[in-house]
Amino acid sequence: MTDLLKYEQAEISYRGRPAVRDVSFTLRQGEILGIVGESGSGKSTLIRAAMGLLGPSGAVTGGDILYKGKSLPALSPEELRRINGPELGMIFQNAGASFCPIRKVGAQLYESVAAHEKVSRHDFTEQAVDLLQKIGFTDGRRILNSYPFELSGGMQQRVGIAAAMLLKPSVLLADEPTSALDVFVQKQVVEEMLLLHRTFGTSIILVTHNIGLVGAMADNVLVLKDGHAVEYGRTQQVLQSPENAYTKQLMAAVPRLKRATG
Amino acid sequence: MQDNNKGPVLEVRDLTKIYKRRGQDTVTAVDGVSFSLHPGECLGIIGESGSGKTTLVNMIARLTDPDRGQILLKGREITRLRGRDLRSVYAEMQMVFQQPADSFDPRRTLGDGIGESLRNNGWSAAAAREESGKLLEQCGLPAGFAERWPHEVSGGQCQRAAIARALAIRPSILLCDEATSALDVTIQQEILDLLGTLRRQMGAGFSILFICHDIALVQQFCDRVLVMYQGKIVEEGIPDAVIRKPSHPYTRRLIDSIL
Amino acid sequence: MRQTFLKNREKRPLQKQGHKSVTMYSGMYGGRRHGRRAGSVKTRLIVFGLLAAFLLLGSVFSAQLAPYDPDLQNLEIARAAPSAAHLLGTDRFGRDMLSRVIAGSRASIFSTLLLVAVITVIGTLIGVFCGWNGKRADAVLMRISDIFLAFPGLVFAMAVAGVLGGGLHNAIVALAAISWPKYARIARSQTLAQRESAYLKAAKLAGSSTTKIIFKHLLPNIIGPILVTSMLDIGTMMMELAGLSFLGLGAKPPTAEWGSMMSDARSLMTTAPWVAFSPGAAIFLSVMVFNLLGDTIRDYADPRSRDF
């Protein structure tokens, strides 16, 4: 088990105002880490900082984010671009919106793969169909030949996951990957991510407000409130016997289905 | 109208809404739905997006016209009412929307929105303003919030104000359309606590129709639940019983999908 | 995939181009730059607002401002070049050009504003009506507006002015007839976009009548882009009105109006060019001031140009 991604007392600010302060955690090889928190807690900011996606007004203003020992904020845009994709992959909340609406899905996937590695169109198609098959699309070729609008929201999200997985990143950063989906599709997406995790040993950081999702997937959990890490530990422990007052309040507020008889 | 104790406060019979789009198949969004809401009851309606639950509640609130069926409010048919008659219906029935910030006019203060129904019913501006403050306090916000603008308050605060607005006219039915779905879970809990308190205060004179996609929330909050699927009600019962022994395959699948 | 890589590829150059000083560890943040930009929009707003107000006041008090009676003929000094007594010279009837330009501002600026106000109100009301009610009335009115939009504007205005006869009033009617559809379209699309908003539903549930909902809640929320359009239209309408007058379909002599004054001066272009120059310059400057003001108001109304 090696440390892949390490946040060391990271402070991330927008226009000089810190949105995340003093957050430290380590993501090991093959680990799934859940980052939970409510809106405004800075959970999305945290993983966007690793990808360099903070936008013009945001910056890492303290501490460090290390990927395999390299400081990500210190990298040049060109170096960062080389890492994003094959090393760090990202899934967004609405993957459908990040597809260009007037080009076929396959062409767009090929473009993003070809940006990072030399691959022939034919080899790419084979790989892509193979991967799509792994995540439950029996007819991968048809998916590649579709325009984004021909796929449902759930399918777009799953193709978005496939897209991120095509370059076999060692770390997958998932920002609210199921929040826009119905519970059926949510369950499918969860199963796909777990399958990829098992097949390729991908480490995942799962940013979500959905405690149920974290409970079903994550090994460890980091709880954020107002930019601070208030609790960090094994999933079972944090979810079942939280120590921090806020975590307790959060866990108590989560509506849980009572299936048991009586 | 006065027959409060016997019979349902709201009855829906065979309500149907068909959407016809040019060049596409017609979609039956709501397909022959019938149910009753009893005095003091909290009735949950669950379903996925596209199940027709939002269309249903919009028809009940008379924001969308049904193609077939009847809506009875305390025994009086309101399905086709218009103008002044329809406005009198809203003294009995109010609604809380999913996106609290969008439900307030961005160019008017919260107090203005809360007092609107009162002013429309003959209150003076000053009296309506005073009452708005009281309602805000009843919903757990300082009376001073009446002067705030919708964009100045958080989602939870805005939803409290929206509940205050809905309560202003003292309705006997509150329609909640995913009223807590856009909120963080801790805020969602606060709003549910507030609705629970209001129910206890008002007893049989206050019923809630709670539209929601989260079955766990419905289990926690509602007395009875209807499961909607493809525009139809496929299951009805006490939440605990439905969750323990779902009779329809759709309900079973839904419950199995909960993480 | 697009999201992963393209975002980066797009974002990075953006940081470089638009925000030179921002690097990952930079202490310089976007706020100041945006603040400065907002300041410049505000400055422009004040400058052009003052200029427009100055023109407007000039047109209101034109009778008091003019040094001579604009219609007073004096053939003895006809076609006099600019001098200390007649700063802009005189025309072929010996009328003082400065006085005529000032007096003409009433016909030109004032009637333009009236025209724009009329088409804004009428167009907006029709558009809101169509957007709100939909169905048949909407279809009929929008087809009518299509027909008006399909006509070449000035030609249609000429035809109307021809049928109704010349005169400033008829020119205004003609221009109003071809200009309202633009406003109706904007108001209609804005209404359609807002019609399903929760706050309008909430107003209905509060027991407000449809009229009240439209005037109290809908209109204040859609009027912004419409007003911006009317501001931008002031310059255009001023030109078209002057154009109609120039063609003899607008203001009737001896009424001082810049377009008809230019038309009058055509034959004097070689002998007394100042007679054509002053109304031309007046049109040019006024149109420019109102266009720049309209642009500025559009920038100001667009929150994206105001703050980040």
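Note on numbering: residues in each chain are counted from 1, in written sequence order. In the order they appear in the text, chains get letters beginning with A and ligands get numbers beginning with 1. With the structure being a predicted model, the display of local features is reserved for residues of pLDDT at least 70 and the display and counting of side-chain atom pairs for 80 or more, all residues being used for whole-chain, interface and lining totals. Hydrogens and water molecules were not included; the side-chain quantities draw on all heavy atoms of the structure.

(A) Quick peek at the overall build of chain A. Every helix listed is a DSSP run of H or I at least four residues long, and every strand listed is a run of E at least two residues long, numbered separately from the N terminus. Helix and strand counts for chain A stand at ten helices and ten strands. Counting only C-alpha atoms, chain A reaches 55 × 55 × 35 Å along its principal axes. Here the open area of atoms and residues is found with the Shrake-Rupley method and a 1.4 Å probe, where only the protein chains shown may cover a residue. Accessible area for chain A stands at about 10,700 Å²; split by element, carbon and sulfur atoms hold 47% of it. Where the 28 positive side-chain charges of chain A centre and where its 26 negative ones centre are 3 Å apart. Note on charges: Lys and Arg go in the positive column, Asp and Glu in the negative column, and His and the chain ends are not counted at all. To locate a charge, take NZ of a lysine, CZ of an arginine, CG of an aspartate or CD of a glutamate.

(B) Here's a closer look at empty space enclosed by the protein. Put plainly, a pocket is an open set of points on a 1 Å grid over the protein atoms alone with protein on both sides within 12 Å along at least five of seven lines, a cavity is a set where a 1.4 Å probe fits but cannot get out, and a lining residue has an atom within 4 Å of a point. Grid points are joined across faces, edges and corners, and a volume is the space filled by probe spheres set on the points. For the coordinates displayed, the defined rule picks out five cavities of 30 Å³ or more. Here the largest cavity defines a volume of roughly 80 Å³. In this structure, the largest cavity is lined by 14 residues; those nearest its centre are D105(B), G113(B), E116(B), R165(B) and H217(C). Secondary structure elements with two or more residues in the lining of the largest cavity: α3 (110-120) of chain B together with α8 (198-205) of chain C. Residues of the lining of the largest cavity, tallied by class, amount to five nonpolar, four polar and five charged. As a volume, the second largest cavity reaches approximately 50 Å³. Lining the second largest cavity are D91(C), R95(C), M97(C), R100(C), M261(C), D264(C) and V275(C). Contributions of two or more residues to the lining of the second largest cavity are made by α4 (97-133) and α10 (258-265) of chain C. Residues belonging to the lining of the second largest cavity are distributed by class as follows: three nonpolar, no polar and four charged. Gly falls in the polar group here, along with every residue not listed as nonpolar (Ala, Val, Leu, Ile, Met, Phe, Trp, Tyr, Cys, Pro) or charged (Asp, Glu, Lys, Arg).

(C) Fine view of the sheet that holds strand β5 (residues 76-77) of chain B. All names here are of chain B. Strand pairing is assigned whenever DSSP detects at least two bridges linking the two strands. Across the sheet, which stays open at both edges, the four strands sit in the order β2-β1-β4-β5 with antiparallel pairing between neighbours. A strand with exactly one partner marks an edge of an open sheet, and here the two such strands are β2 (27-37) and β5. Its contacts with the sheet place helix α1 (residues 53-60) against β1 (10-19), β2 and β4 (68-73), and it is angled at close to 120 degrees to β1. Contacts between residues were defined by any pair of non-hydrogen atoms, one from each residue, lying within 4.5 Å. Fitted lines through C-alpha atoms serve as axes, helices being fitted only where they are in contact, and the angles separating the N-to-C directions of these axes extend from 0 to 180 degrees.

(D) Spotlight on the nonpolar core. Among buried residues, those of type Ala, Val, Leu, Ile, Met, Phe, Trp, Tyr and Cys that are joined through side-chain atoms within 4.5 Å constitute a nonpolar core. Working definition: with a 1.4 Å probe on protein chains only, accessible area under 20% of the residue-type maximum means buried, over 50% means exposed, and in between means partly exposed. Counting 59 residues, the largest nonpolar core has L115(C), V128(C), L175(C), W258(C) and V275(C) as the members making the most contacts within it. The contacts of V128(C), once residues within four sequence positions are left out, are A187(C), T191(C), I214(C), L218(C), L219(C) and I222(C). Core analysis: the second largest hydrophobic core is formed by 54 residues, L135(B), L174(B), I191(B) and L217(B) among them.

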